[in-house]
Amino acid sequence: MQCNARIRIFIWLALALLPASLHATADEHHADANETLAIGDIIGEHTADSYWWHITTVNGRHISLYLPVIVRSADEGWVAFSSKRLAHGETYQGFRLAADGAYKGKIVGRRVDGTEYRPWDISITRNALAILINSAIMLTLFLAAARACRRRPKNAAPNKFACAVEMLVMDIEDEVIRKSIGHDYKRYSSYLLTAFFFIFINNVMGLIPVFPGGANTTGNIAVTLVLAACTLIAVNVFGNREYWREVFWPDVPLWLKAPVPLMPLIELFGVISKPFALMIRLLANIFAGHTVMLALTCVIFITVKMGAGINTGMTVFSVLMTVFMSVIELLVAYIQAYVFTLLSAVFIGLSRPAHHVVKTKKIHTEKI
Amino acid sequence: MPSLLTPDFGLLFWMLFSFLIVFGVLAKFGFPVITRMVSDRQDYISRSLREAEETNKQTKALLEDTRQRQDEILKKAVADGEKLIRNAREKAMEETEKQLDAARQQMAFLREKALHEINAQVALLSMDMAEKILHRQLDDKTKEEAFILQMLDEAEQLPK
């Protein structure tokens, strides 16, 4: 009964939104004459990074948050200005957004001799701002919880908020970190917890369609690269001697490691490929999630031309599917953060083998 | 258009910047505080449970001990009471015996004394009789005989 009522509400909502969407698309069609909607571009624009944060469009007017551009000019050194000066293809201080070519959508500079170059660019882009906002959210959440823990009278029950945070933290620490690393897990605990909640908060914020959410941070290679690099460092810098012996002198027949170091090469490749897989897995999952959601939303606008009947039907379908995908993506947001943390913990655990000699001896005797 | 897999330097910079700050701050003031609180509480709970068990054990032992002592005290009280009664009875009997003994001794003494007195009386009487018999030797036989009978009657009547 209740389920039916909910579906009915969705249908009414979809129908109520229909005229608005029709109106919006009609406007766009007036502007671009007979051009079809370039869905690929729309999705690309939303999932890629940007120099401003487009919030909404009201009556054909774009409402955007223009972000600071920080670039190093070939002549004048570092310069900073608002990205509003580059909107609509304008040029400012010799910089403009490349309309095509290898740097399409990025800021390019023009030298005095007329050649174009890509400057050092540390602009606070949409993703950069989203990361800063999400980091602030994360710091606020955990520092508040830590403060509640610290201010709590000795042995008194913690408050509800601290309990909720504690539940999430302890679940990861006990079930993932401690079980994967072993006795000296405390050393890595802070990094892995930071990685988990950083990814999780960024994933969830990416699912919120309005500002300050919606940025595709964890679906960006730069973000996952940094995270994977941190795991690479945690694994290889703090790995013990036994780990490095296993890489360069593994327990295989001698001809596999000398004179041609076949196994060491494979092991070394593994050292790189493990964090590389972490980087690609997170990127692909989140990027795919954003793409699917955008595509499903675009279904409404694509079917406008097919007549009101089909359009209405497809709108209902689109809304239902988007809700369904949102729920799935919420799950993926947690799972991907979990998987990244779990695998990082497992790799760290593998970098600290102990009593390996005893183990191999056992295997040898079993073989004999 | 730059590929999806080409990391952008600016974003790389800001990501590294914010991630390291978040990691640094939370590794110092965030997660250790939370996990320490949890482990502290865990310690506290397990210690409390252990203490409760200990206290429970002690209480049980105390209860057992108290019950035993109660039994002992009760037994002792009963025994004491019995002993008291027995002692009292014995004492009473002793006292009675003593009194009886004293009475017996008194009686024996009185009897002895009475016998002595009787003996003395008998001796006196015998002497009197003998005197009187000797004084009246020469009188006639019938009179003597009557006299002796009379004397004997007197003697019979006398000690009473």
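Reading guide: rules and limits
- Residues numbered from 1 in each chain as written.
- Chains lettered and ligands numbered in written order.
- Predicted model: local features only at pLDDT ≥ 70, side-chain atom pairs only at ≥ 80, totals over all residues.
- Heavy atoms only, no water.
- Helix = DSSP H or I, 4+ residues; strand = E, 2+ residues; numbered from the N terminus.
- Contact = heavy atoms within 4.5 Å.
- Areas by Shrake-Rupley, 256 points an atom, 1.4 Å probe, with all protein chains shown as cover.
- Pairing = 2+ DSSP bridges.
- Salt bridge = Lys/Arg side-chain N within 4 Å of Asp/Glu carboxyl O.
- Buried area = accessible area lost by both parts, 1.4 Å probe.
- Polar contact = N/O pair within 3.5 Å; in protein donor to acceptor, adjacent residues only side chain to side chain.
- Nonpolar A, V, L, I, M, F, W, Y, C, P; charged D, E, K, R; others polar.
- Axes fitted to C-alpha atoms, helices over the stretch in contact; angles between N-to-C directions.
- Parallel < 35°, antiparallel > 145°, perpendicular 65-115°, else oblique.
- Left-handed = near helix turned anticlockwise from the far one by under 90°.
- Core = buried A, V, L, I, M, F, W, Y, C linked by side-chain atoms within 4.5 Å.
- Buried < 20%, exposed > 50% of the residue type's maximum accessible area, 1.4 Å probe, protein only.
- Domains from an automatic or database assignment.

**Some words on the overall build of chain A**
Along chain A, the regular secondary structure elements total 10 helices and 7 strands. Within chain A, contacts between residues at least 6 apart in sequence are counted, and of these 62% link residues at least 24 apart. Entry remark: accessible area of chain A is about 20,300 Å², with carbon and sulfur atoms responsible for 67%.

**Here we look at the sheet that holds strand 5 (residues 95-97) of chain A**
Residues and elements named next belong to chain A. Taken together, 3 strands build an open sheet; the order of strands is 5-6-7 and the sheet is antiparallel. Single-partner strands in this sheet number two, and they are strand 5 and strand 7 (116-117). Across 2 bridges, the pairing between strand 6 (residues 107-110) and strand 7 is antiparallel. Of the residues in strand 7, the one forming a bridge with Arg110 is Glu116.

**A short note on the pattern of salt bridges**
Should their charged atoms come close, side chains of opposite charge can pair. Enumeration over the complete set of coordinates arrives at 14 salt bridges over all chains. Residue Arg352 of chain A pairs with Asp184 of chain A through a salt bridge whose shortest N-O separation is 2.6 Å. Taken together, the residues Arg352 of chain A in the loop between helix 9 (308-350) and helix 10 (356-367) and Asp184 of chain A in the loop between helix 4 (160-181) and helix 5 (186-207) connect sequence positions 168 residues apart. Here the salt bridges do not stand alone but share partners, grouping Lys106, Arg118 and Asp121 of chain A together with Asp8 of chain B into one network.

**Some points on the interface of chain A and chain B**
The partner chain B presents 34 residues to the 54 residues of chain A that form the contact. Buried area between chain A and chain B, both sides added, is near 4,000 Å², and the carbon and sulfur share of it is 80%. Applying the counting rule to chain A against chain B returns 3 salt bridges. The shortest N-O distance in the salt bridge between Glu166 of chain A and Arg41 of chain B comes to 2.6 Å. There are 5 residue pairs in polar contact (both at pLDDT 80 or more) connecting chain A and chain B. Top contributing element to the side of chain A that touches chain B by residue count: helix 3 (residues 126-151) of chain A, with 13 residues. Considering only residue class, the side of chain A that touches chain B consists of 35 nonpolar, 9 polar and 10 charged.

**Observations concerning the packing of helix 2 (residues 39-47) of chain A against helix 8 (residues 262-302) of chain A**
All names here are of chain A. In contact at an axis separation of 10 Å, helix 2 and helix 8 are set at 140° when each is read in the N-to-C sense. Considered as vectors, helix 2 and helix 8 are oriented oblique to each other. In this structure, helix 2 meets helix 8 at a crossing whose hand is right-handed. Residues Ile39, Ile42, Ile43, His46 and Thr47 of helix 2 form the contact with helix 8, whose participating residues are Phe287, His290, Thr291, Leu294, Ala295, Cys298 and Ile302. Per-class residue counts for the contact of helix 2 with helix 8 are 8 nonpolar, 4 polar and no charged.

**Focus: the nonpolar core**
Buried together is how nonpolar side chains tend to be arranged in soluble globular proteins. Residues Met138, Phe142, Val169 and Leu227 of chain A are the most contacted members of the largest nonpolar core, which totals 67 residues. Where this core is concerned, the elements lending two or more residues are helix 3, helix 4, helix 5, helix 6 (221-237), helix 7 (241-248), helix 8 and helix 9 of chain A together with helix 1 (9-135) of chain B. In contact with Met138 of chain A, not counting residues within four places along its chain, are Thr194, Phe197, Phe198 and Ile201 of chain A together with Val22, Leu26 and Phe31 of chain B. Phe81, Phe95, Leu97 and Tyr117 of chain A belong to the second-largest nonpolar core, a separate cluster that totals 10 residues.

**Things to note about the domain arrangement of chain A**
Domains assigned within chain A are domain 1 (68-121) and domain 2 (126-367). Here the C-alpha centroids of domain 1 of chain A and domain 2 of chain A sit 35 Å apart.

**Digging into the pairing of strand 1 (residues 52-58) of chain A**
Residue and element names in this part refer to chain A. As judged from the 6 bridges shared by strand 1 and strand 2 (residues 61-66), these two strands associate in the antiparallel manner. What sits directly across from His54, in strand 2, is Ser64. In textbook terms, the turn of a hairpin is the stretch between consecutive antiparallel strands, and for strand 1 and strand 2 this stretch comprises 2 residues, one of which, Asn59, has a positive phi near 50°.

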